Amino acid sequence: MNEHDLHDPDAPAVLDALRDSMDGVTMSTPLELIVATGRARRTRRRLATGATAVVVAGGVALGLTTYANPAAAPPAAGDALHIQTVAYTVDRTATGTLVVTWDKERYAADRTGLEAALRAAGFPVLIRIGEFCAGPGEDPTLDPYGVASGVGAVMRADGGADGRVTFTFDPAAMPAGKQLFIGYLNDAQLAVTGGAPGSVERLVPTGVELTCTTVAPPRSPRKSGGEGDATTKRPADPKAPGDRPSDRPTGDPKTK
Amino acid sequence: MEFAEFYGTERDRCLRAVLVVVGDRPLAEDLVAEAFTRAWTAWSKVRRHPAPRAWVVRTALNVRVSWWRRRKREVALGEADDVPVADADPGVDPRLLALLRGLPPRQREVIVFRVLLDLDTEQTARELGMARGTVTAHLSRAVAALRAQLVTEPGEGGS
């Protein structure tokens, strides 16, 4: 540094002394840690940017579609949609059916994200954990799998070889003024039911106050007598493939 | 210049500069490490900066503000700037650190950029957004304030 612009003749000595007094201050962080941190951060940013771009692209397409259609109508069948996160994917097929897959273990961590994605895709859904809702005056009856009547028309579960459960949602089949309610049993409730059922599905009305309870449905009689494996049914796996009558081949002797 | 070379030659200087401002050695090290990490991720841009080490220090101080704001939201703080300096760092005289931190903020900033980062008056003025003459004036005042503490007069000390 040029200290000639200072009139104080002692300035160079003062500033040298200042510098010297700090000679003992040295960085202990190794270069490798800086680079490794930066590299990890850059990777995360790229992944996040990619995922966001996919979601944003889907959202924009949906926004335009929704604007172009009557409010109650589902998006047009031909509109492309693909949303992918670490917890789930949402795709719209050429027929307008929404295909949603989610990871059994990770689903519960992002249920609000899935809920929002399905709604944005034109499929009205309400998801809760540990509470179970119904519309006023609705028949509370559930089948042994926790499913109320009418649900099968809008939702189907299939299993893949990789262990993921694929749910197929059909927004066109949703009755007007209705939405799908999904209530996952929490851990305490699962301890009682043994995972059967692991969730409740019911079509409930939109725009009205729902009546909700934390009382879980009873354990499925198909689980009684020591049959089945309670540990295989988790909250994110409410309807394991083949567990529902409509999913099993006729004559399938399997019991859960 | 490659990043590794830059880090090797500038890290200590940046740490000292940040330490003078924040007064806390572990915090200063964290801030400078974070700033260098950001420099690494944006190296293609930072390497073209007229004074990359000034970029690092400025970034570290900006990070400190954001960290402080975040912490402020989490816990009620009094004066976050009043970090105790008595036992701040064995590598630096705590009285010196207290003296530097006792300078008016603009004088201290001029010391940091002009002296510890060894920027010239023009670069310092640009980094701090002040006129060249103002840089010189602040530096003169800071030197006057430090002089009695740092310069041993003939006949003083030593036996």
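Residues numbered from 1 in each chain as written. Chains lettered and ligands numbered in written order. Predicted model: local features only at pLDDT ≥ 70, side-chain atom pairs only at ≥ 80, totals over all residues.

A few words now on the interface of chain A and chain B. In this complex, chain A contributes 29 residues to the contact, which on the side of chain B involves 33 residues. Among the elements of the structure, helix H1 (11-21) and helix H2 (31-68) of chain A are those that each provide at least two residues to the side of chain A that touches chain B. The element best represented in the side of chain A that touches chain B is H1 of chain A, accounting for eight residues. Classifying every residue of the side of chain A that touches chain B by side-chain character gives 14 nonpolar, nine polar and six charged. (Contact = placed C-beta atoms within 7 Å. Helix = DSSP H or I, 4+ residues; strand = E, 2+ residues; numbered from the N terminus. Nonpolar A, V, L, I, M, F, W, Y, C, P; charged D, E, K, R; others polar.)

The next point concerns the sheet that holds strand E8 (residues 178-184) of chain A. Residue and element names in this part refer to chain A. Spatially, three strands are ordered E4-E8-E9 in an open sheet, and the strand pairing comes out mixed. This sheet does not close on itself; its edge strands, each paired only once, are strand E4 (125-129) and strand E9 (199-205). With direction set aside, neighbouring strand axes in the sheet form an average angle of 20°. Inspection of the sheet shows E4 paired to E8 by five bridges, in the parallel sense. Counterpart to isoleucine 129 in the pairing with E8 is tyrosine 184. (Pairing = 2+ DSSP bridges. Axes fitted to C-alpha atoms, helices over the stretch in contact; angles between N-to-C directions.)

Right, let's talk about helix H6 (residues 105-116) of chain B for a bit. Residue and element names in this part refer to chain B. When you tally the buried positions in H6, you get nine out of twelve residues, the bulk of the element. Listed as buried for H6 are Gln107, Glu109, Val110, Ile111, Val112, Phe113, Arg114, Val115 and Leu116. Residue aspartate 118 follows H6 closely and has a positive phi angle near 60°. (Buried ≥ 20, exposed ≤ 12 C-beta atoms within 10 Å, placed from the backbone.)

When a protein is soluble and globular, its nonpolar side chains tend to lie buried together. Counting residues in hydrophobic clusters, the biggest one holds 50 residues, and the most contacted among them are Val18, Val32, Phe36, Val56, Val57 and Val112 of chain B. Taken together, the elements giving at least two residues each to this core come down to H1 of chain A together with helix H1 (3-22), helix H2 (25-41), helix H4 (52-74), helix H5 (94-101), H6, helix H7 (121-128) and helix H8 (132-150) of chain B. No other element matches H1 of chain B, which puts ten residues into this core. Two domains each put at least three residues into this core: domain 1 (1-88) and domain 2 (103-151) of chain B. Excluding residues within four positions of it along the chain, valine 112 of chain B makes contact with Ala17, Val20, Val21, Val57 and Leu117 of chain B. (Core = buried A, V, L, I, M, F, W, Y, C linked by C-beta atoms within 7 Å. Domains from an automatic or database assignment.)

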